[in-house]
Every structure is written in C-alpha cells, then in structure tokens.
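# Overview (structure and organization)
Read off the chains here:
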Amino acid sequence: MKAIKKKIINGLAGALLLSTAGCDLQEANVNPNAVTEVGVNVLLPATQANMTWAVGDFTSQATSILVQYMTGTLNVQQNVTFYAYVPPNFNTPWNHFYNGALIDLKNIIDLSTENQAFHYRGVAKIQSALLMGYLVDLWGDVPYSQALNIDEFPQPAYDSGEQIYEEIFRLLDEGIADLQGESSTSPAANDLVYPAGNEGAWRSTSLPKWIKAANSLKARYHNHLSKVDPQGSATNALAAINAGAFEGNADDLNTVFGNAADAAGPWFGFLLGSFGQNNIAVAQRFIDLLENRVGPGQNDPRLPYFIAPNSAGEFVGASYGAASIPSNVSIVGPYLNNESAPTSIMTYSELKFIEAEANQRLGQYALAAEALNQAVAASLMRVTGAADPAYIAEFGSETAASMEANGLERIFMEKHIDMYLKTESWADWRRSIPAGADGTTSGIPFLEPADDNFTNDVFPRRFLYPTSELDNNSANVPTGSPTVKVFWDL
C-alpha cells in the first residue's frame, strides 16, 4: 500500500502543474454560440448531450467509486478511491455543466422568449434545474446568479446551496407552466430525451413526459432535504408526486445517442478505451452484495446485467483499494456496457423509492411498503426485462410491520442496488448517514474506506472546485476540503 500512496503523491504533483485550456467560466464565454446564428432546435440536442456527459461521465465514475460500485486502480480513478482527488480532476465535468450545457440553455431560454417558443423554454428550464441540482449536490455552493453573464460578471459570485435549491423549484414550476401553454414551435426528433417523429407527436406524447419529469425532479430535490426538514421534505416530495410524476418505466428520463461505438453514452465509451480497461474495476463488495442475495445459489437477477461473468463464468471483482486489476476480473455488464445503452438520469423506480422513503418518514408504513414493492418490481423489469418471483418474495413483498421494524434500511439498500453507476447514488448514501454523526460513520450500505487513505477514514462529502475556478475566480471560491458537507448533509 505504501507504493500505491507514493504513486498517488507523484501523480498529484504532476496534476497540480496542469492547466486545462478552455475550462473556466470566463474562457467558456469568449466565443459562445451566437444566438443570432444558431436556433433553439440546434441548441437543444447539444445541451442534452452535454447534460448527459456532465452527469454520466467522470462525475458518475467518481461517485461510483465513492459508493464502492467500482474501485480505481490507476490515475485519477485511483485518487478517488484513496480520497486523494485534487482540483484538476474536476475541470472537465465543471466545463460540461457550465460551458457545455448551462450557457446554451440560457441562450435557449432567451431565444425562446423572443420567439414565443415556450415549449423549448420549458424544457430548457427543467434541464437547467436538473443541472443546478447536481452542481449543488456534488460541490455545494456554486456560481449561478452571475455565472451565465460573463460580460458583466467575469468573476461570478458563488450562490449558497440553499438559494440555488429555491431557484431549482422555481425553474421546475416555470418549466411546467411553459409546457402547459401555447408555443410557436415545439421540439420533435431533436429532443434526445423524449424524441418524437414530428412536432404534433411531441406535443401529444413527449410534452406530458417532460411535465412528469419536472414533478419527479421536484420530488427528488425535496427528498434531498430529509435531514434539514424530515417531515416537511417528505410532505413536499409526496405533493410533487401527486401532482403528476412518472407512472412507469416508459417515462424514465433517459438519453440514447445511437447504437454504434462512436455514438454511445459515457460509460460505454469510457470502458472501451484504455483508461476504462486499466484505471477502474468492478468492486468485489458490490458483487458480494448481489451473489446469493436471494439464497444459496440464488443471485440477484440483475447481477449478470450489471456485471458480466468472466471467461470462467464467474463473477470476480477487485478489492476496494487494490493495487491492480486481477487478470480474471469481471467487467461492467451489458445493461450499461453496450452501444445502445441509455444513460438514465432519473427513473420510475427511483421515484417509487422516494415515495417509499417519504411515507416512511411520515410513519405511513403501509404506503411505504406499497411504494417499495413497486420500486423493486420496476427495477427488475427495467434491468432484466422480466419479473423474478423469488426476488419479489424476498425483497419486494414488504408489509407495514416489516417497514416499521427497519424500513429505511430496506429502502436505502434496495435503492443502492437499483442505482448502479448513477451519480445520484452518492447523494442517497450521504443522506443515509445520521445527522450529526462522526465523519467516519458510514451510510447505507455500510462501507469501509480503502486502507491507507488520505483522510484518516473520514468519508468525502463533496467534490473539489476545479483548477480553472481557483486560477480565475479565487476571490469567490469557497474554502474547504472533500470532507466538508453540502448544505443538506447535516
């Protein structure tokens, strides 16, 4: 392990000398998309692609390592495993959020307002809310009110996470209102999330799904406040669901780029390259959780979809913090590791887990059991395409009595499995840590840091601000280490 630590330290020294061109907010606006030259119909799919990479590329790799779906064995991914990540590691994802998506979303909102293309404006506001939610959940306080107007604010101020959450709910409400009104034009096949053959079909089939997505996101972000206001957050989450949220797996907020290697989502492209093959591996801990889960010789039915067996037909991972990848290691399975795999940003099963948790906090155990059972069934169907009676009998047949006994643990554990390789899973794990607990206290599931980590076994609670911000906006960047909590993580 000392050799690993020396290798990391040497890597950090090199990383700190690097500067990533074009990744700070000021440079991002030097040559923006000219709103007079590019229409909203072109900007929309570009923002959705960048949204997907912001949420599903390195952010997903890092959070999947932090919740131990994966373990990093080289380079940046190894830094994350040992809680040794540094600001340069986050230049690219920060750029995806701001330069890649949020600036163009502001352009869409401005152009759509001028042209009365209110359906485009509604979608852009929903996407903006989603991205700001991830930014707060990953970094804490971030630029927003001044961030997208660099001409006037070349060094934008940082807004508090609490303020941005208020803006998230406002944007989602306004997005829903825009979608419920008339519009001079609407998306169609250029909507990568809910595509349709023409504008009429989009208005009848895709538009209602965007409204459901907005209400589902409201439920997610209200639920994130579970430590801040356990009762109020639960009530608000359920109100958002009752306003009209996802009703089945067909409503999932996904992006699919194509069915070829050069047109696939973030995880497939990463795993196809040398970094994905050498820098990261499936963690044995997650395999252990799924093997024999139903009973001796009865694995979780999602196991071969999440993780591919090796050449011997076995499921073999790397221990968390391993110095190298075993020669016979399994790789990420076909559910995500194929050209046509969708990048799921929010799913129906996640929504049902939120509903279960909210009811659980309110002491409505029968309703919590019903929602949890629906979440488990939806997860099995989405991942495997079939029900599994044995798994349902063991983990998807909860009652009011079983939920009253240890319902939160059941919810968080099943949700952890369902959310495999999703960035959102790290938010859930941090929320499951009791408020006020020592920094070495694990959430659900129980995790143990890698030996010889850089924080004395204190779990990281946020990302670090990127070098681009430290270099160009240092007067406004908040101080803090990876162990500093975001506002809702008490």
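Residues numbered from 1 in each chain as written. Predicted model: local features only at pLDDT ≥ 70, side-chain atom pairs only at ≥ 80, totals over all residues. Heavy atoms only, no water.

Our focus in this paragraph is unusual backbone geometry. Going from Ile-444 to Pro-445, the amide bond is cis rather than trans, its omega being 5°. Mapped onto the elements of the fold, Pro-445 is located in the loop between α19 (424–431) and α20 (467–472). One non-glycine residue, Gln-116, adopts positive backbone phi at about 60°. Counting through the fold element by element, Gln-116 comes out in the loop between α6 (91–115) and α7 (118–139). Although it is not a glycine, Asn-292 sits at a positive phi angle of roughly 55°. (Helix = DSSP H or I, 4+ residues; strand = E, 2+ residues; numbered from the N terminus.)

For any two helices packed against each other, one specifies the inter-axial angle together with the distance between the axes. Following both chains from N to C, one finds α6 and α7 inclined at 155°, their axes separated by 9 Å at the closest point. Compared by their axis directions, α6 and α7 come out roughly antiparallel. Both α6 and α7 take part in a crossing whose hand is left-handed. The class makeup of the residues in the contact of α6 with α7 is 18 nonpolar, 4 polar and 2 charged. (Axes fitted to C-alpha atoms, helices over the stretch in contact; angles between N-to-C directions. Parallel < 35°, antiparallel > 145°, perpendicular 65-115°, else oblique. Left-handed = near helix turned anticlockwise from the far one by under 90°. Nonpolar A, V, L, I, M, F, W, Y, C, P; charged D, E, K, R; others polar.)

Our focus in this paragraph is the pattern of salt bridges. Using the criterion set out here, one finds 24 salt bridges in the structure. In this structure, Asp-178 engages Arg-121 in a salt bridge whose closest nitrogen and oxygen atoms are separated by 2.8 Å. On the criterion of sequence distance, the pair formed by Asp-178 in helix α8 (residues 161–180) and Arg-121 in helix α7 is long-range, its members being 57 residues apart. In this structure Asp-178 comes out as buried when scored by relative accessible area, which is 8%. Its salt-bridge partner being Arg-220, residue Glu-424 comes within 3.7 Å of it at the nearest N-O pair. Here Glu-424, found in helix α19, pairs with Arg-220, found in helix α9 (residues 199–223); they are 204 residues apart in sequence, far enough to count as distant. Each member of the pair, Glu-424 together with Arg-220, is buried. (Salt bridge = Lys/Arg side-chain N within 4 Å of Asp/Glu carboxyl O. Buried < 20%, exposed > 50% of the residue type's maximum accessible area, 1.4 Å probe, protein only.)

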